[in-house]
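What the coordinates show
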Amino acid sequence: MKFISALLMAALPLIPAPAAEPVSASAGGGGLDPSVLLHPPVDSWPTYNGDYSGRRFSSLTKINDHNVQSLSLAWMYQLSGGGDPSGGRISATPLVVNGVMYFTVPDRVWAIDARTGHELWTYTWTSKGGIHLGNRGAGISGNSLYFETPDCNLVSLNLNSGKKQWNQAICDLDQMYYASAAPVVIKNHIITGVSGDDLDRPGYLEARDPATGELQWHWSVVPKPGEPGSETWPNADAMAHGGGMTWLSCTYDPDLNTLFIGTGNPQPVVAGKARPGANLFTESIVALNADTGKMVWYFQPSPHDTHDWDAIQTPVLFDGDIDGKHRKLLAQASRNGWFFVLDRETGKDYVTSQFVKTNWAKGVDAKGEPIPNPAKEPQIAGALVSPNQGGAANWPPPSFSPATGLFYINATRAFSIYYIFDDSDKPEGWGGNDQGGWAESMLQALDYRTGKVRWSHKWETPGIRGGLLSTAGNLVFAGDPSSNLVALNATTGEPLWHANLGSSVTNGAITYELDDRQYLVVGAGDKMFAFVMNQ
Amino acid sequence: MTREQWGAIVSNMISRGAKGSDEEFAEVVDYLAKNLPPTNKVGAPVANAKTQRRPSLLDQAGANDKQIVDEDAAARGRTIYIAQCITCHGTRARGSERGADLVRSVLVLHDRYGSAIGPFLAKGHPEGKSVTLTQNQIVDLSHFLHQQVGDTLRTGPYNHVLNILVGDPKEGKAFFNGPGKCSQCHSTSGDLAHIASKYDPAVLQLKVVFPQTAAFGRRSATNSRKPVTVTVSTASGESVTGVLDRIDDFNVSLQDESGQYHSFERGPGVKVEKHDPYATHVELLDEYTDKDIHDVVAYLETFK
């Protein structure tokens, strides 16, 4: 334990201003006071990322690099009532509040006992359509739980009974939007995003009333003519159909009252002929005032993207030293293979580097944004591009440990051939795609000060990538492509423990402490597994 | 080409000034579809692509009650479209300077079997020369427009590789025998003899660049893949070589030449050597230019 203490001491400058850490979220006698989200207690995991920072780092140390070999199964829960149309894959990060765990798959919600896996209630939404690819989870405020449905609804359930309280349409199914993000509760706002890549619609982010679901503010990813960013589009029509979906949950800095969201690819997705320009604010990391939705700054990881490389990966917030000064930082390992560290007050870029080797950029401009090579845009005869459409990173969450100062990302280096299928002057939809492929996968630990890879653990095979969790126990928990949940030494990358779950890890692991016992919970396919120390 | 695809070409000709009645144009389309039907070559449109494709999650896009396109009604609707709409809304209904994009039209997307299109036209559209259609014609037009929407999606029938044969066969030959080092393992009179008659250009290109993964649409391509082999040596001196079955950080398993299955826990005393028969192709991924790829495919396409 001395080693852990030393790590924590060394990490002190990286930890945000300490707060009086509550020991329990249940102190209020049921429900969840949104103010608790500012400093989540260790017996909870009350938001998609565990807290507002997106770090997916836990201060718990009962499970650590010295004893993790003794980690063993506490319980396993298999989805009841059959799976959803996507095969029952749990891609939601579960929430834990007052000893109860809540999670989703498309159209379904579960409440189970976080100590035993015992089912308390389930809720099934009757769907009117939409793509049932996955659902990332729920949000909780007071005695209400919120989740999005593939048919474009935000649904509120009573936390205790699982009964529906209300639903509000948040997008238009006929326009081929769908909804899959985990809503984020910020004060008296429910922040909701939208999904859908099929027919050239504009993306947006909204805030809604927790009591009624009524719209509070709406931020459009693409500008209107004359607005800032419109100069990066050829005309109003391209802008209005320019895409930029908000697929994942935002992060939030309470001191700045600013939320941070990554936006998706421009549309048409692959054939970008009719949308010359950078196509703002698609493929961007954007800072918005949480109460008004007004933009504070933006940074664009993939100007004029034509490869479906949504820049939606979690914008992770932490404080750290850059150029000898202590700064409020934001980092993203983007789907395009590049890692960025920004000043989250201003958007100024401090670090731009590749976390896997790529072949699509000519260099980096003065703002720190990669400059796309036009020759590596999709071509009629094909262009060999790395990464492939799946990207160097995708939606599975990364992690940042203030104890090690390392940013962890389950990465893929991949090639494919991108083709233009629609060579007309006005392609729509996708207008092309990538085909073929070769890939290798690895867990990368990045030094946020330099962007350099401190250590890399290459998986033996490529494949599905799970999300990550790091802890003050000097551990990183990751899914590998062979259905293992693996615990690695967070400082060195050495694998210390594993359990084969029979299916790849399909979400990001979480941890919480109940009755002086630390639980580690992860989803794999249609099962939720909970591990504890058996000592 | 299919009747639908010939129809699109004839529509284009009409928009460029071709003269004739609807009946005459329909007759021309019928003649072309009958005498110049679809071929099976990759690169050319594939007949019945929509019905032969395996359904995917992406087919869930939109509402459950979205309009199911009746192809015959859509064909009739196309004729109406050509006569009444094409001048302003374009050959693919994607709009022009004179008329709105109907594929992206929210009104069309909300429409079901003419439920929105009918009332809209009844108000008098276009201005000064209102279209007057029967209810059946409105339904047919609706089927045609929804067909255009469906065809625009990534699951639509036009999402296929176009002409990729842009390379220089001579330079491809030079690459094959030179920096590509292809000739060190392959021969155009041996394993690659008549390769162009086995694979269409688009498939061949994928086979050249990614031979380790199954090229789409060709079962034989999967069957001809060479397996990764592995040699496992233990501290006791045992050494086994065979086809890799499964490997991760903790275990490795294989099948030896006799078919015997072997499984090992990995550890300090266990040495594992993987042999990837496609390692040279992987190295080339960082070395190829796109021109190299296009040239070598053009060269191999000469071996019919």
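Going along each chain's sequence as written, the residues are numbered from 1 onward. The naming scheme follows written order: chains are lettered A onward, ligands numbered 1 onward. The predicted nature of this model means local features are confined to residues of pLDDT at least 70 and side-chain atom pairs, given and counted, to a pLDDT of 80 or more, with totals for whole chains, interfaces and linings taken over all residues.

1. Thoughts on the overall build of chain A
Counting secondary structure elements, chain A contains two helices and 36 strands. Between the two quantities, the radius of gyration covers C-alpha atoms and the globule rule is 2.2 Å times the number of residues to the power 0.38. For 535 residues, the compact-globule estimate of 2.2 N^0.38 gives 24 Å, and the C-alpha radius of gyration of chain A, at 22 Å, lies within 12% of that figure. Dimensions of chain A, computed from C-alpha atoms along their principal axes, come out at roughly 65 × 50 × 45 Å. For every residue, the other C-beta atoms within 10 Å of its own C-beta are counted; 20 or more classify it as buried, 12 or fewer as exposed, and values in between as partly exposed. C-beta atoms are placed from the backbone. Every one of the 535 residues in chain A was classed for burial, and the buried ones make up 62%. Sequence-distant contacts in chain A: of pairs separated by 6 or more residues, those separated by 24 or more amount to 59%. Secondary structure elements follow DSSP: runs of H or I of four or more residues count as helices, runs of E of two or more count as strands, with numbering from the N terminus. By the convention adopted here, residues are in contact when the distance between their C-beta atoms, placed from the backbone, does not exceed 7 Å.

2. Let's talk about the interface of chain A and chain B
Listed per partner, the contact involves 43 residues of chain A and 41 residues of chain B. With five residues, strand E28 (residues 432-447) of chain A is the largest single contributor of residues to the side of chain A that touches chain B. Here the side of chain A that touches chain B is composed, by residue class, of 16 nonpolar, 17 polar and ten charged. When residues are grouped by polarity, Ala, Val, Leu, Ile, Met, Phe, Trp, Tyr, Cys and Pro land in nonpolar, Asp, Glu, Lys and Arg in charged, and all others, Gly among them, in polar.

3. Re the environment of A:Glu283
Residues and elements named next belong to chain A. Secondary-structure assignment places Glu283 in the loop between strand E16 (258-262) and strand E17 (285-289). Each C-alpha atom, one on Glu283 and one on Ala111, is 35 Å from the other, the two residues being 172 residues apart in sequence. Leaving out residues up to four positions away in the same chain, Glu283 has contacts with Thr263, Asn265, Pro266, Gln300, Pro301, Ser302, Pro303, Asp305 and Ala311.

4. Looking at the nonpolar core
All names here are of chain A. Core analysis: the biggest nonpolar cluster contains 143 residues, and Tyr102, Phe407 and Phe477 have the highest contact counts within it. Other than its neighbours up to four places away in sequence, Tyr102 contacts Pro94, Leu95, Val109, Trp110, Ala111, Ala138, Ile140 and Leu145. Joining buried Ala, Val, Leu, Ile, Met, Phe, Trp, Tyr and Cys residues through C-beta atoms within 7 Å gives a set, and that set is a nonpolar core. Listed in part, the 37 residues of the second largest apolar core include Val269, Trp360, Ile417 and Tyr419.

5. Thoughts on the sheet that holds strand E34 (residues 510-514) of chain A
Residues and elements named next belong to chain A. Strand order across the open sheet formed by four strands is E2-E36-E35-E34, with antiparallel pairing between neighbours. Edge positions in the sheet fall to strand E2 (71-78) and E34, since each has one partner strand and no second. Adjacent strand axes in the sheet meet at a mean angle of 25 degrees when their direction is disregarded. The pairing of E2 with strand E36 (residues 527-533) spans seven bridges and is classified as antiparallel. Looking at the pairing, Tyr77 lines up with Met528 of E36. DSSP bridges decide pairing: two strands pair if at least two such bridges lie between them. Each axis is a line fitted through C-alpha atoms, and for a helix only the stretch in contact is used; angles between axes span 0 to 180 degrees, taken between their N-to-C directions.

6. With respect to the pairing of strand E10 (residues 164-169) of chain A
Residues and elements named next belong to chain A. Sheet topology note: the strand E9 (residues 153-158)/E10 ladder contains five bridges and is antiparallel. When the sheet's bridge partners are listed, Leu157 is paired in E10 with Lys164. Adjacent in sequence and paired antiparallel, E9 and E10 are bridged by five residues, among which Gly162 carries a positive phi angle near 75 degrees.

7. Details of the sheet that holds strand E1 (residues 229-233) of chain B
Residues and elements named next belong to chain B. What the five strands build is an open sheet, ordered E4-E3-E2-E1-E5; its pairing is antiparallel. The sheet is open, and its two edges are formed by strand E4 (261-265) and strand E5 (271-275), each paired on a single side. Adjacent strand axes in the sheet meet at a mean angle of 40 degrees when their direction is disregarded. Where E1 lies against E5, five bridges are found, and the strand directions are antiparallel. Bridge pairing in E5 places Thr231 opposite Glu273.

Treat this as a map of the structure, not an account of what it does.
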